[in-house]
Amino acid sequence: QVQLVESGGGLVQAGGSLRLSCAASGSIFSIYAMGWYRQAPGKQRELVARIDSGGIANYADSVQGRFTISRDNAKNTVALQMNCLKPDDTAVYYCNGQLRARLFDPFREYWGQGTQVTVSS
């Protein structure tokens, strides 16, 4: 069984910084990509940042230049450094992993439980 566990959310003033972390554990053979999504009240879940096994990252336009995603393949972890936070960044942030549990399994998506980020103006 695979689990993705996030940490690091909280309340911060506009202009401040937060760092989110996510650790994947359980039966994992390989991870293709890991990323962060967010969902604000009344809005659809959206991609924030994603990084593949080769270290190629892509970002939502709204966070480009402010957020940085990083990954430790050996530890199956992904982090999101969020700087210059804005009230519009307020949302529940979810860790996502595309991985396979065993050699011949297909890649599947797994989600963390979410962590709240609140940015006050």
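Structure: above.
Residues numbered from 1 in each chain as written. Predicted model: local features only at pLDDT ≥ 70, side-chain atom pairs only at ≥ 80, totals over all residues. Heavy atoms only, no water.

Visitor: Is there a simple way to think about the overall build of the chain in this case?
Guide: Broken down by element type, the chain carries zero helices and 11 strands. Shown N-terminal to C-terminal, the secondary structure of the chain runs as helices and strands in the order β-β-β-β-β-β-β-β-β-β-β. Taken against the 2.2 N^0.38 rule, which gives 14 Å for 121 residues, the C-alpha radius of gyration of the chain at 14 Å falls within 12% of a compact globule. Its C-alpha atoms give the chain principal-axis dimensions of about 50 × 25 × 25 Å. Relative to its full complement of 121 residues, the chain shows a buried share of 40%. Counted over contacts in the chain with a minimum sequence separation of 6, partners at least 24 positions apart contribute 56%. When the accessible surface of the chain is split by element, carbon and sulfur atoms take 49% of a total near 6600 Å². Charge separation in the chain, taken as the distance between the mean sites of 12 positive and 9 negative side-chain charges, equals 3 Å. (Helix = DSSP H or I, 4+ residues; strand = E, 2+ residues; numbered from the N terminus. Rg over C-alpha atoms; globule rule 2.2 N^0.38 Å. Buried < 20%, exposed > 50% of the residue type's maximum accessible area, 1.4 Å probe, protein only. Contact = heavy atoms within 4.5 Å. Areas by Shrake-Rupley, 256 points an atom, 1.4 Å probe, with all protein chains shown as cover. Lys, Arg positive; Asp, Glu negative; His and termini not counted. Charge placed at Lys NZ, Arg CZ, Asp CG, Glu CD.)

Visitor: Looking at this structure, I do not really get the state of the cysteines. What am I missing?
Guide: Here the structure, examined in full by the defined rule, presents one disulfide. What pairs with Cys22 in a disulfide is Cys95, and their sulfur atoms sit 2.1 Å apart. A torsion of -85° about the S-S bond marks the disulfide between Cys22 and Cys95 as left-handed. Placement of Cys22 in strand β3 (residues 18-26) and of Cys95 in strand β9 (residues 91-100) is noted, with a sequence separation of 73 residues between them. Grouping residues by exposure puts Cys22 and Cys95 together as buried. (Disulfide = S-S within 2.5 Å.)

Visitor: For this particular structure, what's the right way to read the packing of aromatic side chains?
Guide: Geometry of an aromatic ring pair is reported as the spacing of the ring centres plus the angle between the planes. The tally for this structure, following the rule as stated, stands at two aromatic pairs. Taken together, a centroid distance of 6.2 Å and an interplanar angle of 65° make the contact between Tyr32 and Phe107 edge-to-face. Of this pair, Tyr32 sits in strand β4 (residues 30-39) while Phe107 sits in the loop between β9 and β10 (108-111), and the two are 75 residues apart along the sequence. For the pair Tyr37 and Trp111, a centre-to-centre distance of 5.0 Å together with 70° between the ring planes defines the contact as edge-to-face. (Phe/Tyr/Trp six-rings, centres within 6.5 Å; stacked < 30°, edge-to-face > 60°.)

Visitor: Looking at this structure, how should I read the pattern of salt bridges?
Guide: Pairing between side chains of opposite charge can happen when the charged atoms of each approach one another. Considering all chains together, one arrives at four salt bridges under this definition. Asp89 is the partner of Arg66 in a salt bridge, and the nearest nitrogen-oxygen pair spans 2.8 Å. Separated by 23 residues along the polypeptide, Arg66 in the loop between β6 (57-59) and β7 (67-72) and Asp89 in the loop between β8 (77-82) and β9 bring together distant segments of the chain. Overall, the relative accessible area of 11% leaves Arg66 in the buried class. Between Asp105 and Arg102 there is a salt bridge, with its nearest N and O atoms 3.2 Å apart. Assessed through its relative accessible area of 21%, Asp105 is described here as partly exposed. One connected set of salt bridges, linked through shared partners, spans Arg38, Glu46, Arg66 and Asp89. (Salt bridge = Lys/Arg side-chain N within 4 Å of Asp/Glu carboxyl O.)

Visitor: How should I be thinking about the nonpolar core in this particular structure?
Guide: The tendency in soluble globular proteins is for nonpolar side chains to be buried side by side. By size, the foremost hydrophobic cluster in this structure holds 30 residues, and its most contacted members are Trp36, Leu80, Met82 and Tyr93. Of all the elements in the fold, those that place two or more residues in this core are β1 (2-7), β3, β4, β5 (46-52), β7, β8, β9 and β11 (115-120). Dropping the residues within four chain positions of it, Met82 is found in contact with Gly16, Ser17, Leu18, Leu20, Arg66, Phe67, Tyr93 and Val117. (Core = buried A, V, L, I, M, F, W, Y, C linked by side-chain atoms within 4.5 Å.)

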